[in-house]
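Working through the structure, step by step
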Amino acid sequence: MTDMEVRARVEDWHDDLASALAGLYPGQAQAVGAAVVARASAAARARTAALVALDRERERDVDWYLRPGRVGYAAYADRLGGDLQGVARRIGYLRELGVDVLHLMSVLRGRAGNSDGGYAIDDYRRPDPALGTLSDLEELIGSLRDAGISTCLDLVMNHTSSDHEWAVRARQGSAYHRGLYLTFPDRTGPDDYEATLPEVFPTMSPGNFTWVEQMQAWVWTTFREFQWDLNWANPDVLVEMTDVLLHLANLGVEIVRLDAVAFTWKRLGTNSQNQPEAHLIAQALRAALGIAAPASILLAEAIVGPDDLVPYLGEHERQRRECQLAYHNQLMVQGWSMLASRDARLATAALGRLPQPPAGTTWLTYVRCHDDIGWAVSDLDAASVGWDGRAHRRFLAQFYRGDFPMSFGRGTAFSANPQTGDERTCGMASALCGVAAGLEAGDPAQVGQGTARLLLLYALAFGFGGVPMIYMGDELGLGDDETNQVDPERAGDSRWRHRPAMDETQMSERHDPHTVAGTVWAGFRRLVEARKACRSLHGTGTVEVLDSGHPSVFAWARHHSRYGPMLGLANVSETTAYVSPDVLAVLDLRPIVDLLGLETSDLLRLGPFAVRWLSADGLYRTAPAV
Ligand code: GLC
């Protein structure tokens, strides 16, 4: 990396960094900016030759994460491979599936005992010794890169573990380290904040503050009592976390997932989520990364309401360079909502009014992840189709825990809060889709419907636009893990139900079409191939949600100025549906193919749970690339 290159990048990012810091730390912005630039420049110079080469390549190929062929996979390192070397041994499997982004969880050293699934970190610089050494991690990331797979790791930035060195030193009386956290001598502050704060884990960890005897103080703990929230209003936190970020980037992490970014900034009288400063923090981190490691990008983990989502991609009164990727949790929720209600109208309204991701950004689209599903259906969207938001949210929670008449869901409640009526849902996709219910009933037809639902949701995630992320095990229809509930540390946290270890038997059945694993695997392979063939899915295109003319059919179009349109149709019910001929108008009367392989003789007809991706582009793929 030449000094000239670093200087050019500092120049490029100067204004972004300065304006973010001026908003965060008025009066100290210059000094903080100098500290960030110094660290970022040093990190740039410390990059390995391989990473410098990648930086240079990506400075030219800025669209690398927007390509339609991108397919992600999220897994706990230990559950996927036992340890880091075991994960390396899964590379062939991931390649066979067609994955080129791997989000590995719980890699860094977490708190001993309960670590909230690895989200209470003791040491950001080293992997969990049970998984391997730092050089094992570097080696794994290098092997993944050689196989064409980009590594994604978490930056758990809202809190550290209460056993992190900073917290230990704060307890021992270090003023510097105490200042990294939010502490209060008595209940006055906490009570004032609590008046408007929700509880994230009301059953496991009620309230947002924890009394720490040794410090004679209440410490802000949004999540669990052993996860101490960092005081981002203190610029030292920004500088320290910038260092951690750059350390991850220099290990070769190409996608940094900003865990719980929405919670980073607190403001009295609000719910202390999605504050403008949380965005400025992300913008400042983006600038640091831009200077030090242009090969790496940011993914916002902001599982928030529909109106709060797009700002994490930099959509503000003026567009900003913020995160390049953000979880599309509204698409995820609406997918599940459609399957339960057999009705696409709410999804059409809710997704139809979301703004496009700004240029250079895209969604991370998903069906399940390691966390619970929060039923983020807004009252406004529900009312727009004549539904009651609260009643619909309650219906979804009941439906997916299997307590609604004719429910196919076999999920488990999470954090049910009788005071607010809020209840979230846990369970692997196959448990929620009806595969588990079918197996339980010994009914192959129900199992078949369950797998069709699972593949329908993934066809939405793969075809809506964005980087689809497969949650480990879904590609084989893996079911819930019942064994975790016997572990006392996990028993109270039903998210462990959907964090099973990889099942070697199901894995070995993946090529057998007579098994659930084989059916689902074949469906995933079809989706991966169709995605690669469909250039309209390039992230530089846009998405339009359409009225299909049938209440059970969700319709959307991808538009791309170069590659033309793609029309997606999904029948969310078990009855055959006919869409309106009008919906085909987006295809402009061109000859088309169904990239998912359905018959095109009767384009308007969709059988139970059928999904179509109609495109004209596929026909011309043998022509020279434009
Ligand atoms: C994120 C993680 C979740 C964790 C929380 C606190 O939402 O995905 O698993 O509990 O942050 O770190």
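On a predicted model such as this, the values are computed, not experimentally measured, just so you know. (Residues numbered from 1 in each chain as written. Predicted model: local features only at pLDDT ≥ 70, side-chain atom pairs only at ≥ 80, totals over all residues. Heavy atoms only, no water.)

Describing helix α2 (residues 29-45)
In a regular helix each residue adds 1.5 Å, so 17 residues correspond to 24 Å; α2 covers 24 Å between its end C-alpha atoms and thus fits that length. Of the residues making up α2, those classed as buried are Ala 29, Val 32, Gly 33, Val 36, Ala 40, Ser 41, Ala 43 and Ala 44. Projected down its long axis, α2 carries its buried residues within an arc of 160 degrees, all on one side. Away from its buried face by more than 90 degrees, α2 exposes Gln 30 and Ala 31. The inward-facing, buried residues of α2 contact α1 (3-24), α11 (235-251) and α12 (276-292). (Helix = DSSP H or I, 4+ residues; strand = E, 2+ residues; numbered from the N terminus. Expected span 1.5 Å × (residues − 1). Buried < 20%, exposed > 50% of the residue type's maximum accessible area, 1.4 Å probe, protein only. Arc of directions from axis to C-beta. Contact = heavy atoms within 4.5 Å.)

Quick notes on the site of the ligand
The full set of residues close to the ligand is Asp 116, Tyr 119, His 159, Phe 201, Phe 223, Gln 227, Arg 257, Asp 259, Glu 301, His 370, Asp 371 and Arg 495. Taking Asp 371, its side chain carries an N or O atom lying 2.4 Å from an oxygen atom of the ligand. One nitrogen or oxygen atom from the side chain of Arg 495 is found 3.0 Å from an oxygen atom belonging to the ligand. Given that more than half its atoms are within 2 Å of the pocket grid, the ligand belongs to the largest pocket. (Near = heavy atom within 4 Å. Polar contact = N/O pair within 3.5 Å; in protein donor to acceptor, adjacent residues only side chain to side chain. 1 Å grid on protein atoms, 1.4 Å probe; cavity = no way out; pocket = protein on both sides within 12 Å on 5 of 7 lines; lining within 4 Å. Sits in = over half its atoms within 2 Å of the grid points.)

Let's talk about the environment of Ala 38
With respect to the helices and strands, Ala 38 occurs in helix α2. Relative accessible area serves as the criterion here: at 46%, Ala 38 is assigned to the partly exposed category. Taking C-alpha positions, Ala 38 is 9.7 Å from Ala 288, a pair spaced 250 residues apart along the chain.

Considerations on the packing of α2 against α12
Here α2 crosses α12 at 35 degrees, and the two axes come no closer than 8 Å. Judged by the twist between their axes, the crossing of α2 over α12 is right-handed. Residues Val 36, Val 37, Ala 40, Ser 41, Ala 43 and Ala 44 of α2 touch α12, and the partners they reach there are Ala 288, Ile 291 and Ala 292. Along the lines of polarity and charge, the residues of the contact of α2 with α12 split into eight nonpolar, one polar and no charged. (Axes fitted to C-alpha atoms, helices over the stretch in contact; angles between N-to-C directions. Left-handed = near helix turned anticlockwise from the far one by under 90°. Nonpolar A, V, L, I, M, F, W, Y, C, P; charged D, E, K, R; others polar.)

Some remarks on empty space enclosed by the protein
Under the definition given, this model contains five cavities of 30 Å³ or more. Along the walls of the largest cavity sit Leu 104, Met 105, Ser 106, Val 107, Leu 108, Gly 118, Tyr 119, Ile 121, Leu 153, Asp 154 and Val 156, which together make up its complete lining. For the lining of the largest cavity, the secondary structure elements donating two or more residues are β2 (101-105) and β5 (150-156). When residues of the lining of the largest cavity are assigned to their parent elements, the largest contribution, three residues, is made by β5. In the lining of the largest cavity, the residues fall into eight nonpolar, two polar and one charged. (Points joined across faces, edges and corners; volume = space filled by probe spheres on them.)

Some points on the sheet that holds strand β14 (residues 362-366)
Strand order in the closed barrel formed by eight strands is β1-β2-β5-β11-β12-β13-β14-β17, and the pairing between neighbours is parallel. Recorded for the sheet is a direction-independent mean angle of 30 degrees between the axes of neighbouring strands. Sitting on the sheet, α11 is in contact with β5, β11 (255-259) and β12 (297-300), with an inclination near 165 degrees to β5. (Pairing = 2+ DSSP bridges.)

Some thoughts on the side chain of Gln 283
Mapped onto the fold, Gln 283 is located in helix α12. Given a relative accessible area of 4%, Gln 283 falls into the buried group. Gln 283 has contacts with Ala 20, His 316, Arg 320, Arg 321 and Glu 322, leaving out every residue within four places of it along the chain.

Brief notes about the confidence of the model for the protein chain
For the protein chain, mean pLDDT is 95; residues scoring 70 or higher make up 98% of the total. A low-confidence stretch, residues 620-626 stays under pLDDT 50, and its non-local contacts, those more than four residues away or across chains, total seven contacts. (pLDDT = per-residue confidence, 0-100.)

Considering the domain arrangement of the protein chain
For an interface, size is often stated in terms of accessible area lost upon the parts coming together. Each assigned domain of the protein chain is listed here: domain 1 (159-229) and domain 2 (538-616). Of note, the centres of domain 1 and domain 2, computed from C-alpha atoms alone, are 51 Å apart. (Domains from an automatic or database assignment.)

Regarding the packing of aromatic side chains
With the rule as written, the count across this model stands at 27 aromatic pairs. Seen from their ring centres, Phe 399 and Tyr 400 are 5.1 Å apart, and the 75 degrees between their planes marks the pair as edge-to-face. Of the residues examined, Phe 399 reaches a relative accessible area of 2% and is grouped as buried. A centroid spacing of 6.2 Å and a plane angle of 75 degrees characterise the contact between Tyr 400 and Phe 408, whose relative ring orientation is edge-to-face. The pair formed by Tyr 400 and Phe 408 is uniform in burial state, with each residue classed as buried. Grouping aromatic residues by their ring pairs yields a cluster made of Trp 336, Trp 375, Phe 395, Phe 399, Tyr 400, Phe 404 and Phe 408. Here Arg 58 stacks its cationic end above the ring of Trp 64, 3.5 Å away from the centre of that ring. Sitting above the plane of the Trp 496 ring, Arg 490 keeps its charged end 3.7 Å from the centroid. (Phe/Tyr/Trp six-rings, centres within 6.5 Å; stacked < 30°, edge-to-face > 60°. Lys NZ or Arg CZ within 6 Å of the ring centre and 35° of its normal.)

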